Amino acid sequence: MRLTVKRLLPACLVAATSIAGLQLPAAATAGPAAPARAGASAAAQAAVPAHTARREARAARVPTVVLTFDDGTSDHLAVAKMLSRRGLKGTFYVSSARLGTRGFLSVSALRAIAKAGHEIGGHTLHHEHLTELPDSAQQAEICDDRRALLKMGFAVRSFAYPFGDFDETSRELAMQCGYTTARGINGLHRPDSCRSCPVVEKIPPADLAGVRATSQTGLPRTARVLREFVTRAQQEGRPGMVIFVFHEIKNDPRDRYATAPKEFAAFLNWVAAQKKAKRIDVRTLGDVVGGRVWPVPEHM
Ligand SMILES: [Zn+2]
């Protein structure tokens with residue numbers, strides 16, 4: 001049976017009662033994503049604190065680096081600590097059904113990551129190719145995963161498509177299930193395959209169900225190559241997000257997704273120094289886009 005998923009969220013707006021413990025401060029709802037739900041945020045718009053305004057002004061001048069990590073592999077607890085030690089925050093996308101299984105984070109490890117101020121996002125229950133699934137299975141993969149993560153106490157607003165694989169049904173389901181953004185794995189500049197692609201994603205992204213990123217899959221992920229994605233944006237002087245997609249941080253040259261810890265640490269050191277010098281901003285995707293934590297509507 002074909003799902004009748006309606007465009008973006010009016011149902012959510014109506015169904016959106018609060019989830020205990022998952023409310024964001026009012027200021028967070030006044031972020032750039034607010035126009036998509038203008039009715040809900042009009043009152044909050046008036047109350048943007050000065051520090052938020054200053055940060056927005058700075059973000060308008062320098063690139064915002066968004067560090068995202070897919071799959072919730074067990075190394076990501078140490079990765080989160082590497083970020084924290086340098087005063088950086090990342091977005092960690094996990095598949096709830098894999099938590100606690102061999103090679104993946106436990107729920108308590110994920111809680112420690114969230115407690116350190118990093119963002120937890122959804123990445124479906126089982127990490128399958130969504131476009132190969134019937135609609136009802138896509139819905140379960142996206143919505144039941146988000147429901148499970150919310151139940152565990154994670155304020156999940158951001159979603160990433162496994163393998164960056166999505167179709168119109170996946171896009172609509174991600175929004176209907178209450179996610180604020182759904183991230184792919186490409187669409188931003190790559191020196192090999194996407195030379196004419198934009199260097200940064202807009203703030204807020206023009207397409208919240210298809211947020212563009214750069215995964216570097218297949219590129220040598222050295223600190224130098226990673227840095228160039230940021231310096232290119234700095235040189236262009238255009239505001240926006242350089243959204244990185246990392247997978248495992250480990251020494252395995254045969255793994256085309258992995259990044260060597262030494263190179264990753266060198267890159268993070270540089271990112272932290274650039275942030276300190278106010279030449280970039282570093283924020284989680286949920287923080288940049290803003291918006292409240294919507295519940296999963298009961299009918300989904
Ligand atoms: Zn993945």
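Preceding this section is the structure that the text describes.
The structure contained in this document is the topic of the report that follows. (Residues numbered from 1 in each chain as written. Predicted model: local features only at pLDDT ≥ 70, side-chain atom pairs only at ≥ 80, totals over all residues. Heavy atoms only, no water.)

Section: the layout of surface pockets
Each pocket or cavity is described by its volume, and for the second largest pocket that value is around 280 Å³. Considering the residues around the second largest pocket, the lining is formed by 17 residues, among which Asp71, Phe163, Thr217, His247 and Tyr257 are closest to the centre. (1 Å grid on protein atoms, 1.4 Å probe; cavity = no way out; pocket = protein on both sides within 12 Å on 5 of 7 lines; lining within 4 Å. Points joined across faces, edges and corners; volume = space filled by probe spheres on them.)

Thoughts on helix α4 (residues 76-85)
Three or more residues of α4 are buried, namely His76, Val79, Ala80, Met82 and Leu83. Relative to the axis of α4, the buried residues are bounded by an arc of 155° and lie together on one face. Buried-residue contacts for α4 involve β1 (64-70), β2 (91-94), α5 (107-115) and α9 (261-276). (Buried < 20%, exposed > 50% of the residue type's maximum accessible area, 1.4 Å probe, protein only. Helix = DSSP H or I, 4+ residues; strand = E, 2+ residues; numbered from the N terminus. Arc of directions from axis to C-beta. Contact = heavy atoms within 4.5 Å.)

Section: the coordination of the zinc ion
Protein-derived coordination of the zinc ion comes from Asp71 (OD), His123 (NE2) and His127 (NE2), at a distance range of 2.0 to 2.1 Å. Positions of the donor residues of the zinc ion, expressed as sequence spacing, correspond to D-x51-H-x3-H. Taking relative accessible area as the criterion, histidine 127 reaches 12% and is therefore assigned buried. (Donors = N, O, S within 2.8 Å, 3.2 Å for Na, K, Ca; no water.)

Structural notes on empty space enclosed by the protein
Following the criterion strictly, the structure yields one cavity of 30 Å³ or more and no others. By volume, the largest cavity is sized at about 50 Å³. Taken together, Leu188, His189, Val199, Thr214, Glu228, Phe229, Arg232 and Val242 make up the lining of the largest cavity. The biggest single contributor to the lining of the largest cavity is helix α8 (residues 223-236), with three residues. In the lining of the largest cavity, the residues fall into four nonpolar, two polar and two charged. (Nonpolar A, V, L, I, M, F, W, Y, C, P; charged D, E, K, R; others polar.)

Things to note about the pairing of β1
For β1, a buried count of seven out of seven residues is recorded, marking the element as mostly surrounded by other parts of the structure. Judged by which residues are buried, β1 turns out to be covered on both faces: Thr64, Val66, Thr68 and Asp70 on one side and Val65, Leu67 and Phe69 on the other are all buried. Looking at chain direction, β1 and strand β7 (residues 241-246) are connected through six bridges and run parallel. Within β7, the position partnered with threonine 68 by the bridge is valine 245. Note that β1 and strand β8 (residues 281-282) share two bridges and pair parallel. (Pairing = 2+ DSSP bridges.)

Re the side chain of glutamate 119
Within the secondary structure, glutamate 119 is located in strand β3 (residues 119-122). Buried charge glutamate 119 goes without a salt bridge, the closest partner of opposite sign being arginine 157 at 4.8 Å. One polar contact links glutamate 119 to threonine 91, side chain to side chain, over a distance of 2.7 Å. Of the polar contacts made by the side chain of glutamate 119, one reaches the side chain of serine 158; its length is 2.6 Å. Ignoring any residue separated from it by four or fewer positions in sequence, one finds glutamate 119 in contact with Gly90, Thr91, Phe92, Arg157, Ser158, Thr284, Leu285 and Gly286. (Lys, Arg positive; Asp, Glu negative; His and termini not counted. Salt bridge = Lys/Arg side-chain N within 4 Å of Asp/Glu carboxyl O. Polar contact = N/O pair within 3.5 Å; in protein donor to acceptor, adjacent residues only side chain to side chain.)

Considerations on the packing of helix α6 (residues 135-151) against helix α7 (residues 168-176)
Where α6 meets α7, the closest approach of the two axes is 10 Å, and the angle between their N-to-C directions is 40°. In terms of axis orientation, α6 runs oblique to α7. As for how α6 packs across α7, the hand of that crossing is right-handed. Two secondary-structure elements touch here, α6 through Asp135, Gln138, Gln139 and Ile142 and α7 through Thr169, Ser170, Leu173 and Ala174. Along the lines of polarity and charge, the residues of the contact of α6 with α7 split into three nonpolar, four polar and one charged. (Axes fitted to C-alpha atoms, helices over the stretch in contact; angles between N-to-C directions. Parallel < 35°, antiparallel > 145°, perpendicular 65-115°, else oblique. Left-handed = near helix turned anticlockwise from the far one by under 90°.)

Considerations on the state of the cysteines
Under the definition given, this model contains two disulfides. The disulfide that involves cysteine 143 links it to cysteine 177, with 1.7 Å between the sulfurs. Of this pair, cysteine 143 sits in helix α6 while cysteine 177 sits in the loop between α7 and β5 (181-187), placing them 34 residues apart in sequence. For the pair formed by cysteine 143 and cysteine 177, the shared burial category is buried. The disulfide partner of cysteine 194 is cysteine 197, and the S-S distance across this bridge is 1.8 Å. Linking cysteine 194 and cysteine 197, the disulfide has an S-S dihedral of approximately -55° and is accordingly described as left-handed. Owing to a relative accessible area of 15%, cysteine 194 belongs among the buried residues under this scheme. For the protein chain, numbering the cysteines in disulfides from first to last along the sequence yields the connectivity 1-2, 3-4. (Disulfide = S-S within 2.5 Å.)

Points about the packing of aromatic side chains
For the coordinates displayed, the defined rule picks out 12 aromatic pairs. Both rings, one in phenylalanine 229 and one in phenylalanine 244, keep their centres 6.0 Å apart while their planes meet at 70°; by these two values the pair is edge-to-face. Here phenylalanine 244 lies in strand β7 and phenylalanine 229 lies in helix α8, a separation of 15 residues in the sequence. The same class applies to phenylalanine 229 as to phenylalanine 244, namely buried. Through successive ring pairs, a cluster of aromatic residues spans Phe69, Phe92, Phe229, Phe244, Phe246, Phe264, Phe267 and Trp270. Stacked on the ring of tyrosine 257, the Lys or Arg arginine 256 has its end atom at 5.9 Å from the ring centre. When the ring centre of tryptophan 294 is taken as origin, the NZ or CZ atom of arginine 292, which lies over that ring, is 4.8 Å away. (Phe/Tyr/Trp six-rings, centres within 6.5 Å; stacked < 30°, edge-to-face > 60°. Lys NZ or Arg CZ within 6 Å of the ring centre and 35° of its normal.)

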